[in-house]
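Chain residues, written in single-letter form:
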Amino acid sequence: MLKPAVFPDHETLSRAAAGWLTVRLEARPEALLCLASGSTPTRTYELLARSPATLRRARLLKLDEWGGLDPDDPATCESYFQRLLQRPLGRRGKLLGFQSQPPDPEAECRRVRQWLARKGPVDVAVLGLGVNGHLGFNEPATALQPFAHVATLSRASLTHGMLTAARRRPTFGLTLGLADLLASREILLLVSGPHKRAAVGRLLQGDVTPRFPATFLWLHPHVTLLCDAACRGG
Ligand code: GLP
């Protein structure tokens, strides 16, 4: 049952999300976290980065990545997580998951699939909701891909705010699939802002359709949905 908990604003939503994640990490310090990038969880990650002990042993896996961008492009998900988590936490190395510019994108997806088969499942997936209902780069379609795959980017993705700083335009997406996400032990979905009002309303209708991939979250027994008032019409 997807029942939103509604917070007055993005700050209180982010504090609740950081607290929720801290409780999970205290119970399972070496948890495998699958993390979305984007504007919604930014503040949550900033708050988490204030307590380095919480994330010391956690394994951090990127949900998705912009394909075709240089690894050090400021718009990559890697740069985002280096800025918000790795550097403030004094953690070394790259996050787990897709490289942005693999020589062979299909082989890169096979690598991530094999890694997840060995080291998964994800303990907690932190997800954002695309305005078109996408999760990661699982874009609306007549059929969805279950596992890590190369994605054709939708218009909603290609106009995403993260790309404002990009040195070039991404040519594809790399993303975990819906089966990877539904295999997570728990899912935290964060939704914020008036521009998400229609999307969250659509999600809460309760049917499941590949035309709006986030509706597949209805098939998962442990989804926590945190919203701010702005996306619920407040
Ligand atoms: C992007 C990313 C997603 C992200 C979503 C929402 O395109 N591929 O992983 O969760 O869209 O982003 P935002 O939180 O900025 O609205």
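Residues numbered from 1 in each chain as written. Predicted model: local features only at pLDDT ≥ 70, side-chain atom pairs only at ≥ 80, totals over all residues. Heavy atoms only, no water.

*Asks:* Teacher, can you tell me more about the pattern of salt bridges here?
*Replies:* Pairing is possible between side chains of opposite charge, provided their charged atoms come close. According to the stated counting rule, one finds 14 salt bridges in the structure shown. With a closest N to O distance of 4.0 Å, R57 and E30 form a salt bridge. Here R57, found in the loop between α3 (52–55) and β3 (59–62), pairs with E30, found in the loop between α1 (10–27) and β2 (32–35); they are 27 residues apart in sequence, far enough to count as distant. Among the salt bridges present, the one from D70 reaches R168, with a minimum N-O distance of 3.9 Å. Of the two residues, D70 sits in the loop between β4 (64–67) and α4 (77–89) while R168 sits in the loop between α6 (155–158) and β7 (172–175), which places them 98 residues apart along the sequence. Taken together, the shared-partner salt bridges connect E11, R15, R43 and E46 into one network. (Salt bridge = Lys/Arg side-chain N within 4 Å of Asp/Glu carboxyl O. Helix = DSSP H or I, 4+ residues; strand = E, 2+ residues; numbered from the N terminus.)

*Asks:* Would you explain the pairing of strand β5 (residues 124–128) in this entry?
*Replies:* A regular strand carries its side chains on alternate faces of the sheet. Counting buried positions over the five residues of β5 gives five, a clear majority of the element. One ladder, built from three bridges, connects β2 with β5; its direction is parallel. Counted as the bridge partner of L35 is V126 from β5. Where β5 and strand β8 (residues 186–191) come together, five bridges link them in parallel fashion. (Buried < 20%, exposed > 50% of the residue type's maximum accessible area, 1.4 Å probe, protein only. Pairing = 2+ DSSP bridges.)

*Asks:* Sorry if this is basic, but what is going on with the site of the ligand here?
*Replies:* With respect to spatial proximity, 14 residues lie near the ligand, and among them S39, T40, D64, H160 and K196 are the closest. Between the ligand and T40 there is a distance of 2.5 Å, counted from an oxygen atom to a side-chain nitrogen or oxygen. Separating an oxygen atom of the ligand from a side-chain N or O atom of K196 is a distance of 2.6 Å. Computed on the free molecule, the ligand has an accessible area of 390 Å², of which 96% lies beneath the protein chains in the complex. For the shell around the ligand, the class distribution of residues is four nonpolar, eight polar and two charged. (Near = heavy atom within 4 Å. Polar contact = N/O pair within 3.5 Å; in protein donor to acceptor, adjacent residues only side chain to side chain. Areas by Shrake-Rupley, 256 points an atom, 1.4 Å probe, with all protein chains shown as cover. Nonpolar A, V, L, I, M, F, W, Y, C, P; charged D, E, K, R; others polar.)

*Asks:* How should I be thinking about the sheet that holds β2 in this particular structure?
*Replies:* Where strands meet in a sheet, backbone hydrogen bonds hold them as pairs that are either parallel or antiparallel. In spatial order, the strands read β1-β9-β8-β5-β2-β3; together these six strands make up an open sheet with parallel pairing. Looking at strand neighbours, the two that pair on one side only are β1 (4–7) and β3, the edges of this open sheet. Strand-to-strand, the axes of this sheet are offset by a mean angle of 20°, without reference to chain direction. Where β1 and strand β9 (residues 223–228) come together, four bridges link them in parallel fashion. Its bridge partner being in β9, P4 is matched across the sheet by L225. α4 rests against β2 and β3 of the sheet, and its axis sits at about 150° to β3. (Axes fitted to C-alpha atoms, helices over the stretch in contact; angles between N-to-C directions. Contact = heavy atoms within 4.5 Å.)

*Asks:* What should I look at first to understand the environment of A230 in this one?
*Replies:* With respect to the secondary-structure elements, A230 resides in the segment after β9. With a relative accessible area of 22%, A230 lands in the partly exposed category. Taking the C-alpha atoms as reference points, A230 and F7, separated by 223 residues in sequence, lie 9.0 Å from one another. Those residues in contact with A230 that sit more than four places away from it in its chain are G193, P194 and R197.

*Asks:* Explain the side chain of Q82 to me, please; I cannot follow it from the model alone.
*Replies:* Locating Q82 in the fold gives a position in helix α4. Residue classification places Q82 among the buried positions, given a relative accessible area of 16%. Only 2.7 Å separates the side chain of Q82 from the side chain of E78, close enough to count as a polar contact. A distance of 3.0 Å separates a polar side-chain atom of Q82 from the backbone oxygen of G93. Dropping the residues within four chain positions of it, Q82 is found in contact with R87, P88, G93, K94 and L95.

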